[in-house]
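Tertiary structure, described
The chain contents come next:
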Amino acid sequence: MDYFQLEYGLFADAPDLVQNVPALGKLKEKCPEYIKRAEEIQKLARKFARDEILPKSLEIDLKCSKDPEYIDWELWRKANREKLTIAFIPEKMGGLGCSSIGALALLEELTCACMGSGANILFNNFGILGAMVENKTGIIMNIMSEMVEAQRQEKPLFWSWAITEPSAGTDVEDGRAMATMKPSAYAEKVKGGYRINGTKCFITNGSIAHYVVATICLDRSNPLETMATFLVPTSSKGFSVGRVERKCGQKSSQTAELIFEDVFVPEENLWEPSGSGLRHTREMLSTTRGFVGSAAMGMARGALERCIQYVYQKKIGKHRLIDEDWVQIAIADIIKDIKTVRAACVNFAVAVDTYHATRLFESLPVKLAFKLLPGKLFLSKSLLALTKSPLVNEGGSKMKKKIVSNEVIEQFVKEGSAIKVAGTDLAMNVASRVLDIVGLEGMSFRYGMEKSFRDAKITQIYEGTNQANRLDLFHGEVGEKI
Amino acid sequence: MSAVEEATVEYNEIIDVCRKFAGNEIRDKVQEADLESDTAWLKSIWTKSREIGLPGLIIPEEFNGVGQSELCCALALNVLASECAGFASVLTYHFAGCIALNNGKPSQKERFLAQLADIDISEPAIATVLFPSEMDENHLHIKESNGKLLLNGTSPLTGNAEHANLLCIFLEEDEEGEEITCLFLDKKTPGVSIGENAMLPGLKVNPFAPIVFQDAVIEDESIIGERGKGGNILGKTKNAFFGFIAAMATGAAGSAYEKAHAYAEERYQFGKIIINHQEIQRMLGNMLTKLNAGTAVFMQAFSDKSLNLSYLSQEASLAKAFCSDAALEIVIDAVQIHGGYGYMHEYGVEKIMRDCKVLQLIGGSSPLIHKNKIANEQKNK
């Protein structure tokens, strides 16, 4: 199919951030730098998505069908050169300096082209997110510098979250559920650290990760009170990767089983002590859920764009499929749904920048530091050593806890849950509706729309099933009051 | 006994034989075959199915068939689709071809039908049917040259494109679609070739492709009925065909429902076996409602009246639309109930989801079918 017939979506000139969500115009007026930076990122992302990801998305899906462990390293390297793999790291430190609104734009453009490839490129940024959730400044700085160094050397450095277990999916994401959870993994206190045994499953990037952030309990009969978070380098003795799953879609994103056999984790890699593991997970989810919903919205947009291109050039008799009334109304319906969800996603992203972790970058000490200190200094060994000092660690931790309080976390879990359900339901039903418009022939592999359908379903399941998300939403909004 | 079971008691034995066949021969390798798009496996299952008379189910006994009714075929397809919709779809297109052929002269039935029921020939004979579609860009048409009739054009995507050796072709010979011609051609006829495999996400063991005709010679014996007067045959074939798809979709969805129900009775999460969570109960109840409704709708499509409606009425397509829509909703919920496991190939549910989405689009998607029903009604007033 010749995509260049219609200048729409990925094939339109970016940036169109403010065109798509005109309310951002006021924000652009008042905080020009904030929106301009996001627009720059949208432009970069769209170009990459259109020119690099889109042409390869089908080929990669096919190759991964034959071999779930296939990776297009050339694509990854290209993304890495554009710093997309370290997008969230501040510019001064060597990253792209993506705020949440910039991250939204980035996510939307990439997942519009291909969700799996988008995930492979961007998921790593969650490593930084995980680090930011982590309270200690020293750890955050060191992780960021390690990632920047790896990016410069074009060396892959992948992160992974090991939360799900064979017997616990939803149970690991919710307090009430965790109280009754039957764990498949556990840690024991030993001299100098901990020893981990057990299995985690369905872990994104698990098979290629260098670092795994794992939530594991210390007492299987009391998981909620003893849940802890550990940083486990995959080079650790006793760690191994089991199966890499064959999935319905998002095939390019690897989903693996992780096996821990007497894996020793030193004390310093205990990120959250016993009892705080759930809080760590909840804090991560308070931003990631909203972004997963946004990524799914990007997927829906991708299905729609392919649909429009197809019906534009598909002939029936003397006219085109796009000329039919029923098609125009069906497409309009999809556009309406995407517009409304996108507005909610933008709201979420700007809210994160206003009230959540990224506010740290707006705080006086951080702003001053970024303004006054030279970039080189940020990654110097001396500064990194300084950040590990108790003073800086504790100071940073206090500052962050003030901003990202428990109230903020729970509020964003609630808001994020709503976005996640809306965005993922959107991805699924738009993909299905698009196929209804284009029919059997449009469902051929080469048009990419059946791939959108296959890629969409899992988004309603991971990051908390949409049913669990709804429970969070109810409890967050009304539950407490009853 | 349910109303459906009462209406079908005479077919119980056949349905039982099909169910056992599916369990014994299909179940073991079906996931692997789906992964590999294994058409060789499909062929081997087809060959085995001759032992229970499946390919000849609708072929009259005088031509070595079992001589059963369309309803019986639908019930068989319903049960087979619960193990593999891909295999059932091959039978569906094949049965449709047989139904069309049944309207031919004795010499034509002798020539074409008998081989379809033959259980002794080494290479099994499989039929398929090509229906005209408004989405066609290169309509099939007949050119007359040097006293010969030559078939030209490209068919829409059709099932059994790879497996079939006998093609049943319906052509619209006029702009209004009122002059229908029915032909039978051997796929090996010079000028006939298979187009590119569409690589649909479901029914993987039955590759769909367009069939291309370039000056393929049509003998007199190849025309069933009279040129331009095949509307009656098209009606009978299409009515049954759509009913078969409805039956398959319902069968596949029923299997997804059962898997989800069984999983929900085993899985523990959020403090309970999940079938004790009200939301899971609500979902399963909703799925069962659709399953029951779908069953009633496809059964009704096989009443004598329904089967003999004019091809212009398009009633049968409404049944297909309803049943396949319902089936897709059921299986999407079934995947959801399985959680992460539902998305993994090994568990077999996501396959059913892909199969049902394809079934939903065969013969037109539901919005198109709904629109066309009323549009054509107005056109024919």
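Small disclaimer: the values here were computed from a predicted structure and weren't measured.

**So, the overall build of chain B**
Counting secondary structure elements, chain B contains 14 helices and ten strands. Computed over its C-alpha atoms, the radius of gyration of chain B comes to 21 Å, within 12% of the 21 Å expected for a compact globule of 381 residues. Buried positions account for 60% of the 381 residues belonging to chain B. Across chain B, contacts joining residues at least 24 apart in sequence account for 74% of those joining residues at least 6 apart. Separation between the mean location of the 33 positive side-chain charges and that of the 52 negative ones in chain B comes to 3 Å.

**Points about the pattern of salt bridges**
Residue and element names in this part refer to chain A. For the structure on display, the rule yields 66 salt bridges over all chains. Where Glu-477 meets Lys-414, a salt bridge forms, and the shortest distance between an N and an O atom there is 3.2 Å. One end of the pair, Glu-477, is in helix H19 (residues 466-477); the other, Lys-414, is in helix H17 (residues 406-442), and 63 residues separate them in sequence. Classification of Lys-414 by relative accessible area gives buried; the value is 13%.

**Brief notes about a nonpolar patch on the surface**
Together, Leu364(A), Leu368(A), Leu372(A), Leu373(A) and Leu377(A) line one region of the surface with nonpolar side chains, adding up to about 460 Å² of accessible area. In terms of residue count, helix H13 (residues 364-372) of chain A provides more of the nonpolar patch than any other element does, three residues in total.

**Considering the pairing of strand S5 (residues 227-233) of chain A**
Residues and elements named next belong to chain A. For S5, the tally of buried residues reaches six of seven residues, placing the bulk of the element in the interior. Looking at chain direction, strand S4 (residues 211-217) and S5 are connected through seven bridges and run antiparallel. When the bridges of S5 are listed, Ile-216 appears paired with Ala-228. Judged from the two bridges that link them, S5 and strand S8 (residues 270-272) form a sheet pairing that is antiparallel. Looking across to S8, one finds that Thr-229 is bridged to Glu-272.

**Some remarks on empty space enclosed by the protein**
Residue and element names in this part refer to chain A. In the structure shown here, the tally under the stated rule is eleven cavities of 30 Å³ or more. In this model, the largest cavity occupies a volume close to 120 Å³. Along the wall of the largest cavity there are 13 residues; nearest its centre are Ile-71, Asp-72, Leu-75, Trp-76 and Asn-120. Broken down by secondary-structure element, the contributors of at least two residues to the lining of the largest cavity are helix H4 (73-81) and helix H6 (115-122). Here the lining of the largest cavity is built from residues that sort into nine nonpolar, three polar and one charged.

**Let's talk about the interface of chain B and chain A**
Contacts between the two partners involve 42 residues from chain B, matched on the other side by 52 residues from chain A. When chain B packs against chain A, close to 4,100 Å² is buried across both sides, 65% of that on carbon and sulfur atoms. Taken together, the links from chain B to chain A amount to five salt bridges. The residue Glu137(B) makes a salt bridge to Lys314(A) at a minimum N-O spacing of 3.3 Å. Taken together, the elements giving at least two residues each to the side of chain B that touches chain A come down to strand S9 (268-269), helix H9 (278-300), helix H11 (315-337), helix H12 (340-343), helix H13 (349-361) and helix H14 (366-379) of chain B. Looking at side-chain class alone, the side of chain B that touches chain A contains 23 nonpolar, eight polar and eleven charged residues.

**Comments concerning the packing of H17(A) against helix H18 (residues 449-456) of chain A**
All names here are of chain A. Between H17 and H18, the shortest axis-to-axis distance is 9 Å and the interhelical angle comes to 150 degrees. The orientation of H17 relative to H18 falls into the category roughly antiparallel. Helix-helix and strand crossings are classified by hand; for H17 and H18 the assignment is left-handed. Together, Ala-427, Met-428, Ala-431, Ser-432, Val-434, Leu-435, Val-438 and Gly-442 of H17 and Met-449, Glu-450, Ser-452, Phe-453 and Ala-456 of H18 make up the contact between the two elements. Of the residues in the contact of H17 with H18, the class split is nine nonpolar, three polar and one charged.

**Brief notes about the state of the cysteines**
One pass over the full model with this rule turns up zero disulfides over all chains. Cys248(A) forms no disulfide, and the closest cysteine sulfur to it belongs to Cys356(B), at a distance of 12 Å.

**A word on the nonpolar core**
Counting 249 residues, the largest nonpolar core has Val311(A), Phe87(B), Phe170(B) and Ile362(B) as the members making the most contacts within it. Residue contributions to this core peak at 18 residues, all from helix H8 (residues 231-266) of chain B. Residues in contact with Phe170(B), not counting those within four places in the same chain, are Ala100(B), Val129(B), Leu130(B), Phe131(B), Pro132(B), Ile180(B), Thr181(B), Cys182(B), Gly230(B), Ile233(B), Leu234(B) and Thr237(B). Core analysis: the next-biggest nonpolar cluster, separate from the first, contains 19 residues, Ala214(A), Phe239(A), Phe260(A) and Val265(A) among them.

**Some remarks on the environment of His370(B)**
Inspection of the secondary structure puts His370(B) in helix H14. Residues contacting His370(B), with those up to four places away along its chain left out, are Leu318(B) and Ala321(B).

**What to know about the packing of aromatic side chains**
Residues and elements named next belong to chain B. Counted under the stated rule, the structure contains 23 aromatic pairs over all chains. Note on Phe-131 and Phe-170: the rings are 5.8 Å apart at their centroids and 15 degrees apart in plane angle, and the pair reads as stacked. Highlighted residues: Phe-131 in the loop between strand S1 (127-130) and strand S2 (141-145) and Phe-170 in strand S4 (residues 166-172), separated in sequence by 39 residues. Both residues of the pair, Phe-131 and Phe-170, count as buried. Ring geometry for Tyr-263 against Tyr-341: centres 6.4 Å apart, planes inclined by 55 degrees, an arrangement best described as tilted. Of the two residues, Tyr-263 sits in helix H8 while Tyr-341 sits in helix H12, which places them 78 residues apart along the sequence.

**Structural notes on H13(B)**
Residue and element names in this part refer to chain B. For H13, built from 13 residues, the straight-helix expectation of 18 Å at 1.5 Å per residue is met to within 8% by its first-to-last C-alpha distance of 19 Å. A large share of H13 lies buried, amounting to 13 of its 13 residues. Looking one or two residues past H13, Gly-363 carries a phi angle of roughly 75 degrees, positive in sign.

**With respect to the sheet that holds strand S7 (residues 211-218) of chain B**
Strands belonging to one sheet form pairs held by backbone hydrogen bonds; the direction of such a pair is parallel or antiparallel. Residues and elements named next belong to chain B. Spatial strand order, S2-S3-S7-S6: four strands in an open sheet with antiparallel pairing. Edge strands, defined here as strands with exactly one partner in the open sheet, are S2 and strand S6 (192-194). The mean inter-strand angle of the sheet, taken between neighbouring strand axes irrespective of direction, is 15 degrees. Two strands pair when backbone bridges link them, and strand S3 (residues 148-154) and S7 are joined in this way by five bridges, in the antiparallel orientation.

**Some points on the packing of helix H11 (residues 277-313) of chain A against H17(A)**
All names here are of chain A. Between H11 and H17, whose axes approach to 7 Å, the crossing angle comes to 20 degrees. As judged from the angle between their axes, H11 and H17 are roughly parallel. Crossing of H11 over H17 shows left-handed handedness.

**What about unusual backbone geometry?**
Residue and element names in this part refer to chain A. Between Ala-14 and Pro-15 the backbone carries a cis peptide bond, its omega angle lying at 0 degrees. On the secondary structure map, Pro-15 appears in the segment before helix H1 (17-20). Residues other than glycine seldom take positive phi values, yet Glu-154 does so here, at roughly 60 degrees. If you trace the backbone, Glu-154 turns up in the loop between helix H8 (137-152) and strand S1 (159-162). Its identity is not glycine, yet Glu-463 carries a phi of approximately 60 degrees, on the positive side. Counting through the fold element by element, Glu-463 comes out in the loop between H18 and H19.

**Description of a negative patch on the surface**
All names here are of chain B. Negative charge collects at one region of the surface, where Glu-175, Glu-176, Glu-178 and Glu-179 lie side by side. Tracing the chain through its elements places Glu-176 in the loop between S4 and strand S5 (180-186). Owing to a relative accessible area of 48%, Glu-176 belongs among the partly exposed residues under this scheme.

**Here we look at the pairing of strand S7 (residues 255-266) of chain A**
All names here are of chain A. Sheet analysis places strand S3 (residues 193-204) next to S7, joined by nine bridges and oriented antiparallel. Residue pairing for S7: Gly-198 is matched across the bridge by Phe-260. Two strands pair when backbone bridges link them, and strand S6 (residues 239-244) and S7 are joined in this way by four bridges, in the antiparallel orientation. The residue bridging Val-241 from the neighbouring strand is Leu-258, located in S7.

Each value, and the rule that gives it
- Residues numbered from 1 in each chain as written.
- Chains lettered and ligands numbered in written order.
- Predicted model: local features only at pLDDT ≥ 70, side-chain atom pairs only at ≥ 80, totals over all residues.
- Heavy atoms only, no water.
- Helix = DSSP H or I, 4+ residues; strand = E, 2+ residues; numbered from the N terminus.
- Rg over C-alpha atoms; globule rule 2.2 N^0.38 Å.
- Buried < 20%, exposed > 50% of the residue type's maximum accessible area, 1.4 Å probe, protein only.
- Contact = heavy atoms within 4.5 Å.
- Lys, Arg positive; Asp, Glu negative; His and termini not counted.
- Charge placed at Lys NZ, Arg CZ, Asp CG, Glu CD.
- Salt bridge = Lys/Arg side-chain N within 4 Å of Asp/Glu carboxyl O.
- Patch = residues over 30% accessible without salt bridge, like charges linked within 9 Å, V, L, I, M, F, W, Y side chains within 5 Å.
- Areas by Shrake-Rupley, 256 points an atom, 1.4 Å probe, with all protein chains shown as cover.
- Pairing = 2+ DSSP bridges.
- 1 Å grid on protein atoms, 1.4 Å probe; cavity = no way out; pocket = protein on both sides within 12 Å on 5 of 7 lines; lining within 4 Å.
- Points joined across faces, edges and corners; volume = space filled by probe spheres on them.
- Nonpolar A, V, L, I, M, F, W, Y, C, P; charged D, E, K, R; others polar.
- Buried area = accessible area lost by both parts, 1.4 Å probe.
- Axes fitted to C-alpha atoms, helices over the stretch in contact; angles between N-to-C directions.
- Parallel < 35°, antiparallel > 145°, perpendicular 65-115°, else oblique.
- Left-handed = near helix turned anticlockwise from the far one by under 90°.
- Disulfide = S-S within 2.5 Å.
- Core = buried A, V, L, I, M, F, W, Y, C linked by side-chain atoms within 4.5 Å.
- Phe/Tyr/Trp six-rings, centres within 6.5 Å; stacked < 30°, edge-to-face > 60°.
- Expected span 1.5 Å × (residues − 1).

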